[in-house]
Amino acid sequence: LSIIVMNGATTALFSSDRFLENFSEDVALKYKTQAAGKYGMLLGGRPELLASVKAFLDKPFLGHGSWAMDKEFYYTDMINELKLELGYENIRADYSKIKLVPAHSFLTGSVVWAGIFGGLFWLVLINKVLKIFILNINVLPIYFYTGVIFFVWDFLFSPFMAITRWHTALFLATFFLYSYLLNTNQGVKKYK
């Protein structure tokens, strides 16, 4: 429900000429085009969801394997055709530089690569991180506040590549170690 409300609000905002006049002409056009389609801003800004969902449905249990290649650009062509049908843009996106099945988040990438079990892994992990964060919110250093925000953002919107892999691994390792030490009182001062 919150995603639907946020999508509706951002679509209305980025369709408003009054709001868009604050941006350069090319940026305003990009935002307006993304918000103009049938399903609003979310799908306009993240068209890779179209390919990710289709790729997941093609192989839902075991996925396409690590670093799944988009052979003959099947999913890329499908994105471009669907974007035109849904009214998002009249320019073809070029995903050919990467040559992977397009996916734009940890979650969608993992269901493409590893099927339902890859998605369950990230869902269980984010649930655990958020639960620990909420239970210890009063005693965590600022690093973990920003780390959780970036982790949730990456989970929803960042591909699992390059720098995101490194900073996510570093964040998770320090987060789980700190919470372990906090709960066992080994070397971490508890504040009351």
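First, a word on scope: everything that follows refers to the structure included in this document. What you see is a predicted model; the values in this text were computed from it and never measured.

### Observations regarding the overall build of the chain
And step 1. Of the regular secondary structure elements, the chain holds 9 helices and 0 strands.
And step 2. Start at the N end of the chain and walk to the C end: the helices and strands fall as α-α-α-α-α-α-α-α-α.
And step 3. Considering only C-alpha atoms, the chain reaches an extent of 60 × 45 × 30 Å along its principal axes.
And step 4. Here the chain holds 192 residues, and 36% of them are scored as buried.
And step 5. Considering only contacts in the chain between residues 6 or more positions apart, those separated by 24 or more positions represent 68%.
And step 6. As displayed, the chain offers around 12200 Å² of accessible surface, 67% of which is attributable to carbon and sulfur atoms.
And step 7. When the 18 basic and 14 acidic side-chain charges of the chain are each reduced to a single mean position, those positions are 15 Å apart.

### Re helix α9 (residues 162-184)
And step 1. Taking 1.5 Å per residue as the helical rise, α9 with its 23 residues ought to reach 33 Å, and the 34 Å between its terminal C-alpha atoms agrees with that figure.
And step 2. Along α9, the residues that are buried comprise Thr 164, Thr 168, Phe 171, Leu 172, Phe 175, Tyr 178, Ser 179 and Leu 182.
And step 3. Elements that come into contact with the buried residues of α9 comprise α7 (106-135) and α8 (142-157).
And step 4. Looking one or two residues beyond α9, the residue adopting positive phi is Asn 185, at roughly 60°.

### Let's talk about the pattern of salt bridges
Should the charged atoms of two oppositely charged side chains come close, the side chains can pair.
And step 1. Evaluated as defined, the whole model comprises 1 salt bridge.
And step 2. The partner of Lys 54 in a salt bridge is Asp 58, and the shortest N-O contact between them spans 2.8 Å. With Lys 54 and Asp 58 both in helix α5 (residues 48-58) and 4 residues apart, the pair spans about one turn of that helix.
And step 3. Relative accessible area serves as the criterion here: at 28%, Lys 54 is assigned to the partly exposed category.

### Observations concerning the environment of Val 53
And step 1. As for its position among the elements, Val 53 is in helix α5.
And step 2. The exposure class of Val 53 is partly exposed, given its relative accessible area of 46%.
And step 3. Residues Val 53 and Ala 103 lie 50 residues apart in sequence; the distance between their C-alpha atoms is 9.0 Å.

### Concerning the nonpolar core
And step 1. Core analysis: the largest hydrophobic core is formed by 18 residues, its most contacted members being Val 129, Phe 151, Phe 171 and Phe 175.
And step 2. Of all elements in the fold, only α7, α8 and α9 reach the threshold of two or more residues within this core.
And step 3. Per element, the largest residue contribution to this core is 7 residues, and it comes from α7.
And step 4. Counting residues in hydrophobic clusters, the runner-up holds 9 residues, among them Tyr 75, Ile 79, Val 101 and Val 112.

### As for the environment of Pro 47
And step 1. As for its placement among the helices and strands, Pro 47 is situated in the loop between α4 (40-45) and α5.
And step 2. It is 20 Å that separates the C-alpha atoms of Pro 47 and Leu 1, two residues lying 46 residues apart in sequence.

Quick notes on the rules
Residues numbered from 1 in each chain as written. Predicted model: local features only at pLDDT ≥ 70, side-chain atom pairs only at ≥ 80, totals over all residues. Heavy atoms only, no water. Helix = DSSP H or I, 4+ residues; strand = E, 2+ residues; numbered from the N terminus. Buried < 20%, exposed > 50% of the residue type's maximum accessible area, 1.4 Å probe, protein only. Contact = heavy atoms within 4.5 Å. Areas by Shrake-Rupley, 256 points an atom, 1.4 Å probe, with all protein chains shown as cover. Lys, Arg positive; Asp, Glu negative; His and termini not counted. Charge placed at Lys NZ, Arg CZ, Asp CG, Glu CD. Expected span 1.5 Å × (residues − 1). Salt bridge = Lys/Arg side-chain N within 4 Å of Asp/Glu carboxyl O. Core = buried A, V, L, I, M, F, W, Y, C linked by side-chain atoms within 4.5 Å.

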